[in-house]
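# Report on the structure
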Amino acid sequence: MAPFNIAYELLVTRLKNFQLETNRAFNFTASPSQPQYFLYKFPQDVDSVIINVVSDAAYPCSVVSVQDIVCPVYDLDHNVEFNGVYQSMTKQAAITVQRKDFPGEQFFVVFVIKPEDYACGGSVPSSIHGNANRTWNLQRTKSLQVTIVPSIKKSVYVQAMFFSFLGFLSFYLGSVVVAFVHYIRVQRKASAGRLSPEHGSGIMTSSHPISASTPEGSSYGAIDESSSSGGRQMSSPEHRPPAGSDTDSSVEEESDFDTMPEIESDKNIIRTKVFLYLSDLSRKDRRIVSKKYKIYFWNIITIAVFYALPVIQLVITYQTVVNVTGNQDICYYNFLCAHPLGVLSAFNNILSNVGHMMLGFLFLLIVLRRDILHRRAMEMKDIYTLDYGIPKHFGLFYAMGIALMMEGVLSACYHVCPNYSNFQFDTSFMYMIAGLCMLKLYQTRHPDINASAYSAYASFAVVICLAVLGVVFGKNDMWFWVVFSIIHVLASLALSTQIYYMGRFKMDGPDSDLGIFRRAVMVLYTDCIQQCSRPMYMDRMVLLIVGNLVNWSFAIFGLVYRPRDFASYILGIFICNLLLYLAFYIIMKLRSSEKLLPIPMFCIVATAVVWAAALYFFFQTLSSWEETPAESREKNRPCILLGFFDDHDVWHFLSAAALFFSFLVSLAESPTLLYGLTLSSSTLPLSIHMDL
């Protein structure tokens, strides 16, 4: 690349160290005009080796290639990629080579120094800038050290598989033990004659139902001893309003408000009360609401099938391209701990996702058992099971279990060939898991007004579409971040409005034209100006203010810094909102004099501990597709568990357990009462929750 002719002399010498030896480091130098290549022969007892190459200097950029013993040897910059397996390199490279891939049981290791560094993330070629005299005479000699070490044996693969499956099968064993202990306790209490409301484990000892019309000024948990009128009894089916009394229309005929009981039963009146109880938002027919939430389960199965099949096909294509071309710069593995199996280049990263699938299936079994027990109680007409405590709807739980299993499937697909383009596969069901958890928490105390499956999954589809656009345009296009931030802020405000008014702020109806703006102005004036010092719904207002500040901060951060990892940026928004809502849920639960029982408390502590450990390993960066493949390999580290799993694999194990415990927290919050009673739903405070 010199701008004028260069004089040189040719010197031919005999190489003394042409053959590399196992477990012995060899140091040498190479340059663009002096590439190096060496011979390696497999020992008799070695089936797989790892070629480790290190250098103290990142530049000049180099290429490490493994080629079969053929002529010619491709050791020039323009043809080194024509044969064998190759990687670009700055300070570190590692290639795993198997005996079965070389019939002659020997191969060449070729080292080529690039004339320019842009392939490894260095400066752009000087000729592009129009200045060919800038870098031609720089010293481009690189000192390298190569060490070939045996890889793991087949027995380690077997041990790793046993460890993965047996480790998570222990969760199944623990679940069986807990279920058996619970069964023994129930049988003992039943045989002792303690299975009655008067001797239950709840905090109330009276079998009298609690009035739904408890005065706001009365003490919490007061019992209505009168059997006559004075308030509709909500604790028995015969006193419940008919299933069809709760309509979806926000506009009623004037004749519907003639009598006081009908005014009390109208949801527009009930949901705008300052003090709400759980019974106020669980008035719809139980069977209809359960069918509504079962749609979550069937829809997510359909989504999973249609989403996963193209993903699997695509990553198989990626792996095929890597195997055929030998270009190991396509996929961002941790090459110091990438153990191949069959056509897969990093089987350990795929195997470690088995925990998500096994624990997701276990969660489905636990929910199924809970559902069966609840159905049996309904068949037995057990009034204390049916009409006390939090309403039992299991559709969202089933959807959460499927989402956890699919996260394992899609994470495994991503790790077949991890790179910038398919990172969205690893995060799509993370969005859905976070969203479903928030919806489940909100449904616990708001079963009648929670989002439908169609609107929820449509929202997730919008989020995934934005994630795809972020992958394409989020790197440098400022207009995308402006549009996304506007959408983010407007969505936060719209959702806040729906939550603050319990879904009664409608954009349709007779005033859906210009009158809607006048109505919105009047509402803002009444609630935000006249009552600014004391909003009508103080708890909701506090959470909404905090939630909007958090989301606006995310929007500002995105505009200012424009992070390249847009998928993780959106995931951070979901996780922060979920943690904020969970904290608010627990605080309001404690404020409402509800106790944290031992099992939910154990699940909360286990969730916090396992998540803390999991996040530690998550932040141990082993590769990064935000950089060039050569720069990413500088972060590669050896295995840390059984000589087979790296830090990211441990993250997979721990995050699966953490998600499982997180699901158990929400499942433990809505128990099926098999004996005794706690509180009637008419006295359970709403604890005004919000789904951010």
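Residues numbered from 1 in each chain as written. Predicted model: local features only at pLDDT ≥ 70, side-chain atom pairs only at ≥ 80, totals over all residues. Heavy atoms only, no water.

The protein has the name SID1 transmembrane family member 1 isoform X2 in an unreviewed UniProt entry, where Lepidothrix coronata is given as its organism. On record in UniProt, under Sequence similarities (unreviewed entry), the comment for the protein is "Belongs to the SID1 family." (UniProt positions renumbered as here; feature names shortened; annotations may be inferred.)

Glancing now at the sheet that holds strand 2 (residues 36–41). Within a sheet, neighbouring strands are paired by backbone hydrogen bonds and run either parallel or antiparallel to one another. Taken in spatial order, the four strands of this open sheet run 2-7-4-5, and their pairing is antiparallel. Of all strands in the sheet, those bounded by a partner on one side alone are strand 2 and strand 5 (85–89). Across this sheet, the average inter-strand angle for adjacent strands is 15°, counted without regard to direction. Pairing of strand 4 (residues 62–67) with strand 7 (residues 106–113) involves six bridges; the strand directions are antiparallel. Note on strand 7: the bridge partner recorded for Val 64 is Phe 111. (Pairing = 2+ DSSP bridges. Helix = DSSP H or I, 4+ residues; strand = E, 2+ residues; numbered from the N terminus. Axes fitted to C-alpha atoms, helices over the stretch in contact; angles between N-to-C directions.)

Our next topic: the pattern of salt bridges. If you walk through the whole model with that rule in mind, you get eight salt bridges. Residue Asp 101 is joined to Lys 100 by a salt bridge in which the shortest nitrogen-to-oxygen separation is 3.3 Å. For Arg 633, the salt bridge identified is with Asp 329, shortest N-O distance 2.4 Å. Here Arg 633, found in helix 16 (residues 629–633), pairs with Asp 329, found in the loop between helix 4 (286–325) and helix 5 (347–351); they are 304 residues apart in sequence, far enough to count as distant. Grouping residues by exposure puts Arg 633 and Asp 329 together as buried. One salt-bridge network, held together by shared partners, links Asp 47, Arg 99 and Glu 105. (Salt bridge = Lys/Arg side-chain N within 4 Å of Asp/Glu carboxyl O. Buried < 20%, exposed > 50% of the residue type's maximum accessible area, 1.4 Å probe, protein only.)

Next up on the list: the pairing of strand 3 (residues 48–54). Most of strand 3 sits out of view: five of its seven residues are buried. As judged from the seven bridges shared by strand 3 and strand 6 (residues 92–98), these two strands associate in the antiparallel manner. When the bridges of strand 6 are listed, Val 49 appears paired with Val 97. Both strand 3 and strand 8 (residues 142–150) contribute to a ladder of six bridges, which runs antiparallel. Along strand 8, the bridge assignment pairs Ile 51 with Ile 148.

Take the state of the cysteines next. Going through the model one piece at a time under the given rule, you end up with three disulfides. Two residues share a disulfide in this structure: Cys 61 and Cys 120, whose sulfurs sit 1.8 Å from each other. When the S-S torsion is 50°, as for the bridge of Cys 61 with Cys 120, the disulfide is right-handed. Linking Cys 61 in the loop between strand 3 and strand 4 with Cys 120 in the loop between strand 7 and strand 8, this pair joins segments that are 59 residues apart in sequence. The class for Cys 61 is buried, based on a relative accessible area of 0%. Note on cysteine connectivity: Cys 331 is disulfide-linked to Cys 417, with sulfurs 1.8 Å apart. Disulfide Cys 331-Cys 417: the torsion about the S-S bond is -90°, which places it as left-handed. With Cys 331 in the loop between helix 4 and helix 5 and Cys 417 in the loop between helix 8 (395–416) and helix 9 (423–445), the pair connects residues that are 86 residues apart, well separated along the chain. The same class applies to Cys 331 and to Cys 417, which are both buried. Numbered by position along the chain, the disulfide-linked cysteines of the protein connect as 1-2, 3-5, 4-6. (Disulfide = S-S within 2.5 Å.)

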